[in-house]
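# Residue-level structure breakdown
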Amino acid sequence: MTILEIKDLHKTYGAKTQVLRGINFQIEQGEFVCIIGLSGAGKSTLLRCVNRLIEASSGAVLVPRALSGVSADGAKVDVLKLNAEELRLLRRKVGMVFQQFNIVKRLSVIENVLSGGLGYQPGLRSVLRIFSRDEKRRALTNLERVGLLDHAYKRADQLSGGEQQRVAIARTLMQQPAIILADEPVASLDPRLSRVVLDILKRVCREDGITALVSLHALELTREYADRIIGLKQGQIFFDGRPRDLTDAIVDSVYHGRDQ
Ligand code: ADP
């Protein structure tokens, strides 16, 4: 099943900073797709256009209608056209992981994880941060899945960077997302910790059938983890295929400015 289809997506900041210039691709459910490209290529903008943290200038972002709360009938909706309530429902199904983890340092680890489920809570309980026993059980299960059960009641800022990113992954899992968008999730970590985090991210996505769209700048890691690589250059796709088809010549032309 196609879970995400991007059609002729354009984004221009201000009057003339054209960042995305006609992006087209579609992703099947469960794929682990890595997006590569030089800094400034538009990776972050592309990911943020999918859940409308950034508003695209034109084009379409199609997802199954079930993702925006309406019962599954096979039809698609354009995320760019959803109203505020539909967008809120969609964002429950689209988790996001950030380079800087975005966890609340003064809260405990489990409180951070529980906050990931807040999109599902009725208003007042959400404001008062009252969580049911079932939610707490799910939070602990998700912490166990990222290998941090023993840290549940520590303050989040006592954890290392790699551990904080694992908390962020557990928090995202509370949403039971269909898609995870991860924007340079390991850019702040050394190669060893990067692999620990990517191993976990890939495993939980596989276990839950989650589709992942992950921007990475380390090519080595991309080749190791991606089922499929989408390469961006100046806001356009220069490569879309399997890791083994990303030849050194293609990489050279993009990363070192040499033509094939
Ligand atoms: P990447 O994630 O590949 O590094 P980005 O999507 O962050 O690329 O940025 C692409 C280009 O868009 C860069 O040239 C950046 O300076 C520009 N850009 C990003 N955000 C804004 C903004 N809010 N206003 C103007 N230009 C922006």
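You'll find the structure just up there.
This is a predicted model, so every value here is computed, not measured. (Residues numbered from 1 in each chain as written. Predicted model: local features only at pLDDT ≥ 70, side-chain atom pairs only at ≥ 80, totals over all residues. Heavy atoms only, no water.)

## As for unusual backbone geometry
Convention followed: Here a helix means four or more residues in a row that DSSP labels H or I, a strand means two or more in a row labelled E, and each is numbered from the N terminus.
Even without glycine at this site, Glu184 takes up a positive phi of about 50°. Examined against the element boundaries, Glu184 turns out to sit in the loop between β7 (179-183) and α7 (191-208). Not every positive phi belongs to a glycine, and Gln234 is a case in point at roughly 45°.

## Description of the site of the ligand
Counted only if it meets this: The near set for a molecule or strand comprises every residue that places at least one heavy atom within 4 Å of it. Distance and chemistry together define a polar contact, namely a pair of N or O atoms within 3.5 Å, with one atom able to donate a hydrogen and the other to accept it when in protein, and with adjacent residues in sequence counting only for side-chain atoms on both sides. Only the protein chains shown count as cover for residues, and all accessible areas are computed by the Shrake-Rupley method using a 1.4 Å probe.
In the vicinity of the ligand, the contacting residues are Tyr13, Val19, Leu38, Ser39, Gly40, Ala41, Gly42, Lys43, Ser44 and Thr45. Within the contact set of the ligand, an oxygen atom lies 3.0 Å away from a backbone nitrogen or oxygen of Gly42. Within the side chain of Lys43, an N or O atom sits 2.8 Å from an oxygen atom of the ligand. Within the complex, the protein chains bury 55% of what would otherwise be the 560 Å² of accessible surface of the ligand. Here the shell around the ligand takes three residues from helix α1 (residues 43-50), the largest share from any one element.

## Some details on the nonpolar core
Counted only if it meets this: Buried residues of nine kinds, namely Ala, Val, Leu, Ile, Met, Phe, Trp, Tyr and Cys, make up a nonpolar core once their side-chain atoms join them within 4.5 Å. Residue burial is assigned from relative accessible area. The probe radius is 1.4 Å, only protein chains are included, and a residue is buried under 20% of its type maximum, exposed over 50%, and partly exposed in between. Should any heavy atoms of two residues lie within 4.5 Å, those residues are considered in contact.
Membership of the largest hydrophobic core comes to 50 residues, with the highest contact counts inside it found for Leu143, Leu201, Val214 and Leu246. By residue number, the principal contributor to this core is α7, which donates six residues. Discounting residues that sit within four places of it in the chain, Val214 has contacts with Phe32, Val33, Cys34, Ile35, Ala182, Pro185 and Leu201. In this structure, Val19, Ile54, Leu82 and Val94 belong to the second largest nonpolar core, which totals 36 residues.

## Section: the sheet that holds strand β1 (residues 2-13)
The line we're drawing: A pair of strands is treated as paired once DSSP finds two or more bridges between them. Orientation is described by axes fitted as lines to C-alpha atoms, over the contacting stretch for helices, and by angles from 0 to 180 degrees between their N-to-C directions.
The sheet built from four strands is open, its strands ordered β2-β1-β4-β5 with antiparallel pairing. Taken across any chain shown, the strands that pair with only one partner, and hence form the sheet edges, are β2 (17-28) and β5 (76-78). Across the sheet, the mean angle separating the axes of adjacent strands is 20° when strand polarity is ignored.

## Comments concerning the side chain of His151
Within the element layout of this structure, His151 appears in the loop between α5 (133-145) and α6 (161-173). Residue classification places His151 among the buried residues on the basis of a relative accessible area of 17%. Sequence-distant contacts of His151, defined by excluding residues within four places in its chain, comprise Val109, Leu159 and Glu163.

## Let's talk about the layout of surface pockets
Just so we agree on the cut-off: Cavity: a set of points on a 1 Å grid over the protein atoms alone where a 1.4 Å probe fits but cannot get out. Pocket: an open set with protein on both sides within 12 Å along at least five of seven lines, its lining residues, like those of a cavity, having an atom within 4 Å of a point. Grid points are joined across faces, edges and corners, and a volume is the space filled by probe spheres set on the points. Note on residue categories: nonpolar means Ala, Val, Leu, Ile, Met, Phe, Trp, Tyr, Cys or Pro, charged means Asp, Glu, Lys or Arg, and polar means any other residue, Gly included.
Of the volumes computed, that of the largest pocket is approximately 400 Å³. Lining the largest pocket are 18 residues, with Met96, Ser115, Gly116, Arg171 and Gln175 sitting closest to its centre. Of all the secondary-structure elements, those providing two or more residues to the lining of the largest pocket are α2 (84-93), β6 (94-97) and α6. Split by residue class, the lining of the largest pocket holds six nonpolar, eight polar and four charged.

## Details of the sheet that holds strand β10 (residues 236-241)
Spatially, β6-β7-β8-β3-β9-β10 is the arrangement adopted by the six strands of the open sheet, whose pairing is mixed. Across the chains shown, the open sheet's two edge strands, defined by having one partner strand only, are β6 and β10. Taking the axes of each pair of neighbouring strands and ignoring which way they run, one obtains an average angle of 15° across the sheet. Both β6 and β7 contribute to a ladder of four bridges, which runs parallel. Bridge pairing in β7 places Met96 opposite Leu181.

## Some thoughts on empty space enclosed by the protein
With the rule as written, the count across this model stands at one cavity of 30 Å³ or more. Volume-wise, the largest cavity comes out at about 30 Å³. Around the largest cavity, the lining residues are Leu4, Ile27, Ile179, Ile180, Thr211, Ala212 and Leu213. Only β7 and β8 (211-215) provide two or more residues apiece to the lining of the largest cavity. It is β8 that provides the largest number of residues to the lining of the largest cavity, a total of three residues. Residue composition of the lining of the largest cavity, grouped by class: six nonpolar, one polar and no charged.

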